[in-house]
Amino acid sequence: MHLVMIGGSDAGISAALRARELDPGADVTVVVADAYPNFSICGIPYYLSGEVTHWRNLAHRTIADLEAAGMRLRLDIIARRIDAAARKLLVTSADGAEELLGYDKLIVGTGAVPVRPPISGLAGPGALGPGDGVHLLHSMGDTFAVMRTMQQAAPASAVIVGAGYIGLEMADALTTRGLAVTQMEQLGEVLPTVDPELGALVHAELAGHGVEVLAGTTVQAITLAAPDQPGRLQVEAIAADGTAVTRLADMVLVVVGVRPDATLATAAGAALGARGAIAVDPGMRTSLPDVFAAGDCVITHHRLLGETYLPLGTTAHKQGRVAGENAAGGDREFAGSLGTQVVKIFDQAAARTGLRDNEAVAAGFDPVTVGSVADDHKAYYPGSHRIAMRVTGDRGTGRLLGVQLFGHRHAEVAKRIDIAAAAIFHGMTVDAVSDLDLSYTPPLGSPWEAVQMGAQAWVGETQRR
Ligand SMILES: Cc1cc2nc3c(=O)[nH]c(=O)nc-3n(C[C@H](O)[C@H](O)[C@H](O)COP(=O)(O)OP(=O)(O)OC[C@H]3O[C@@H](n4cnc5c(N)ncnc54)[C@H](O)[C@@H]3O)c2cc1C
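Conventions and cut-offs
Residues numbered from 1 in each chain as written. Predicted model: local features only at pLDDT ≥ 70, side-chain atom pairs only at ≥ 80, totals over all residues. Heavy atoms only, no water. Near = heavy atom within 4 Å. Polar contact = N/O pair within 3.5 Å; in protein donor to acceptor, adjacent residues only side chain to side chain. Areas by Shrake-Rupley, 256 points an atom, 1.4 Å probe, with all protein chains shown as cover. Helix = DSSP H or I, 4+ residues; strand = E, 2+ residues; numbered from the N terminus. Nonpolar A, V, L, I, M, F, W, Y, C, P; charged D, E, K, R; others polar. Axes fitted to C-alpha atoms, helices over the stretch in contact; angles between N-to-C directions. Left-handed = near helix turned anticlockwise from the far one by under 90°. Contact = heavy atoms within 4.5 Å. Buried < 20%, exposed > 50% of the residue type's maximum accessible area, 1.4 Å probe, protein only. Pairing = 2+ DSSP bridges. Phe/Tyr/Trp six-rings, centres within 6.5 Å; stacked < 30°, edge-to-face > 60°. Expected span 1.5 Å × (residues − 1). Right-handed = clockwise from strand over helix to strand, strands pointing away.

Around the ligand sit 31 residues, and of these Ser9, Ala11, Ala79, Asp296 and Gly313 come closest. In the environment of the ligand, an oxygen atom lies 2.9 Å from a nitrogen or oxygen atom belonging to the backbone of alanine 11. Here leucine 312 contributes a backbone N or O atom positioned 3.4 Å from an oxygen atom of the ligand. When isolated, the ligand has an accessible area of 1000 Å², and the protein chains bury 88% of it. Mapped onto the shell around the ligand, the elements with two or more residues apiece are helix H1 (10-22), strand S4 (77-83), helix H5 (165-176) and helix H8 (313-327). Grouping the amino acids of the shell around the ligand by side-chain chemistry returns 18 nonpolar, 10 polar and three charged.

Turning our eyes to something else, we now look at the packing of H1 against H8. Their axes nearest at 7 Å, the elements H1 and H8 cross at an angle of 35 degrees. Pair H1 / H8 crosses with right-handed handedness. Where H1 approaches H8, its residues Asp10, Ala11, Ser14, Ala15, Arg18, Ala19, Glu21 and Leu22 are matched on the opposing element by Gly313, Ala316, His317, Gly320, Arg321, Gly324 and Glu325. Along the lines of polarity and charge, the residues of the contact of H1 with H8 split into five nonpolar, five polar and five charged.

With respect to the helices and strands, methionine 1 occurs in the segment before strand S1 (2-6). Since its relative accessible area comes to 44%, methionine 1 is described here as partly exposed. For methionine 1 and glycine 330, which are 329 residues apart along the polypeptide, the C-alpha to C-alpha distance reads 13 Å. Not counting chain neighbours up to four residues away, the residues in contact with methionine 1 comprise Ala26, Asp27, Asp104, Lys105, Ala327 and Ala328.

To continue, consider the side chain of arginine 416. Turning to its location among the elements, arginine 416 is positioned in helix H10 (residues 413-425). On the basis of relative accessibility, which here comes to 6%, the residue arginine 416 falls in the buried class. In this structure, arginine 416 is in contact with Asp376, Ile387, Leu405, Ala411, Leu444, Gly445, Glu449, Ala450 and Val451, ignoring residues within four places of it in sequence.

This next bit is on the sheet that holds strand S2 (residues 27-31). A sheet is described by the order of its strands in space; here five strands give the open sequence S3-S2-S1-S7-S18, paired in parallel fashion. Sheet topology places strand S3 (71-74) and strand S18 (291-293) at the edges, where each strand pairs with a single neighbour. Pairwise comparison of adjacent strand axes, ignoring direction, gives a mean angle of 20 degrees for this sheet. Both S2 and S3 contribute to a ladder of four bridges, which runs parallel. Looking at S3, one finds that valine 31 is bridged to arginine 74. Sheet strands touched by H8: S1, strand S7 (105-108) and S18. Its angle to S7, the strand with the most contacts, is close to 175 degrees.

Before going further, it helps to examine the packing of aromatic side chains. For the structure shown, the criterion picks out five aromatic pairs. With a centroid separation of 5.2 Å and an interplanar angle of 65 degrees, the aromatic rings of tyrosine 36 and phenylalanine 144 are classed as edge-to-face. One end of the pair, tyrosine 36, is in the loop between S2 and helix H2 (44-48); the other, phenylalanine 144, is in helix H4 (residues 140-153), and 108 residues separate them in sequence. Owing to a relative accessible area of 24%, tyrosine 36 belongs among the partly exposed residues under this scheme. Residues phenylalanine 39 and tryptophan 55 carry aromatic rings whose centres are separated by 5.9 Å and whose planes lie at 35 degrees to one another, so their mutual orientation is tilted.

Side chains Met251 and Leu253 of strand S16 (residues 251-254) all project onto a buried face; the interleaved residues Val252 and Val254 project onto the opposite face, where all are buried too. Bridge count between strand S10 (residues 157-161) and S16: four bridges; the pairing is parallel. In the strand pairing of S16, valine 159 is matched with valine 252.

Turning our eyes to something else, we now look at the side chain of glutamate 325. Within the secondary structure layout, glutamate 325 lies in helix H8. Once you skip the residues sitting within four places of it in the chain, glutamate 325 turns out to touch Arg18, Leu22, Gly330 and Arg332.

Before going further, it helps to spend a moment on the environment of threonine 223. Note on placement: threonine 223 falls in strand S13 (residues 217-224). According to the relative accessible area criterion, threonine 223 is partly exposed, its value standing at 31%.

Glancing now at H1. Taking 1.5 Å per residue, 13 residues should reach 18 Å; H1 reaches 18 Å between its end C-alpha atoms and fits that length. With 10 of its 13 residues buried, H1 lies for the most part within the structure. Of the positions making up H1, those classed as buried are Asp10, Ala11, Gly12, Ile13, Ser14, Ala15, Ala16, Leu17, Arg18 and Ala19. On the buried face of H1, the contacting elements are S1, S2, helix H3 (63-68), S3, S7 and H8.

Let us now look at the sheet that holds strand S14 (residues 233-239). Read from one edge to the other, the open sheet built from three strands follows the order S13-S14-S15, with strand pairing classed as antiparallel. Taken across any chain shown, the strands that pair with only one partner, and hence form the sheet edges, are S13 and strand S15 (244-249). Ignoring strand direction, the axes of neighbouring strands in this sheet form an average angle of 25 degrees.

A few words now on the pairing of S1. The buried fraction of S1 amounts to five of the five residues, a majority that puts the element mostly inside the structure. What you see with S1 is no split at all: His2, Val4 and Ile6 on one side and Leu3 and Met5 on the other are buried throughout. This β-α-β element, S1 to H1 to S2, shows right-handed connectivity. Across four bridges, the pairing between S1 and S7 is parallel. For methionine 5, the partnering residue across the bridge sits in S7 and is isoleucine 107.

Look at H8: 21 Å from first C-alpha to last across 15 residues, which is about the 21 Å you get at 1.5 Å a residue. For H8, the complete set of buried residues consists of Thr315, Ala316, Gln319, Gly320, Val322, Ala323, Gly324, Glu325, Asn326 and Ala327. The secondary structure elements touched by the buried residues of H8 are S1, H1, S7, S18 and strand S19 (300-302). Just downstream of H8, glycine 329 is the residue with a positive phi angle, here 105 degrees.

Here it is in structure tokens:
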């Protein structure tokens, strides 16, 4: 049995590892467009900040580890065409040599590509790029380009276009590196994946660390600045009230999201779904015979929303594992995502799982969201922090639909959102969250865990209404 994976990141490597685990005799080949298989691209901001001291440290596993697990790595090879009927994959190496790889099962893990928004100066003839200090950020190659700009041009200032989680992590990273950062976000508040009430707390944390935050500001053009200007790039934007905004900076980072890289599968005739991602069934099978797909290139089954597109590393690992298991002859299904995520912004963390009001309405629920605040542990023990919470439940059934948290990075925000994620995963009501038997000792918690206090605030508020 010859299994071929296209892509050597979270999805492709998870699939290869699982297939080899289940069938140690399987012949597994992983085709990777670059030379960096199994790198933690989620860790890129922490290498760029200087906190992770060498890019090699971002590797989940070394090439030797991967080969020892039994996979054949074909690095710097690009998959060009899938012939699903003949079960053959056309690949080209860096010198242009073509080769046809036969397979019994194929797993597509081509991931996502960063969105290039319609900003003048970013596309077309004369477009600015890494050599000018203008960067997109997704791959290790992009990371090396940013590092080259930092080392060779020693930028003193940066504009970050976009304030989603990667934009925020990079605002933290570049500030930590000593750059003066301006963050521009088209929507009305930063971190638009949480409610504006929590987004405002993130905004305050950024501002408190010296980041100039311009929400409601749409970037329109990036140009080279005149030579006598304090900054080699000029960013022109427009504020929500129509005012023109201009900033000069030595470097511009554009991080406004990703789109699925489904080119190969589309050309082979695979059916597509949400946002142009490859359609897969719960077993990660595409519409093509013997072709599976996983990770940022495929649709995501959301447990409350159904089919969606929600590219996340945790999801790519799980989907890859399911694809690898099934390609090796198993029968497993991806159980679905809740979009659980967390981001560190300087000394704080913001997290969410499940649905916010507007999403819940779209999914046919009758949501109520209640905000509350609780201590992460007993306030009499030193070092306690307040956690701001927003709990969303369905008015009619009382079902827990979503939770959002904001609190100090040492307030266990990430693990607390996981309590909520587990509760939503198992269809619990908000009220039943109070019944969970959770741990307690004063330096680390409270008799009523913070998430349980948020749930009780929701129950109290909805009973009063
Ligand atoms: C800066 C940053 C921070 C992030 N932080 C988080 C986080 O904190 N938490 C989280 O859950 N997620 C995070 N993510 C998202 C997460 O990294 C992705 O969801 C995940 O890496 C997707 O994995 P993937 O294998 O599907 O695709 P990708 O990581 O995009 O990898 C695609 C792979 O396919 C290869 N490839 C593509 N086309 C071809 C071809 N034609 N031939 C051969 N090879 C090909 C590429 O070289 C690569 O190896 C972050 C992403 C970034 C960029």
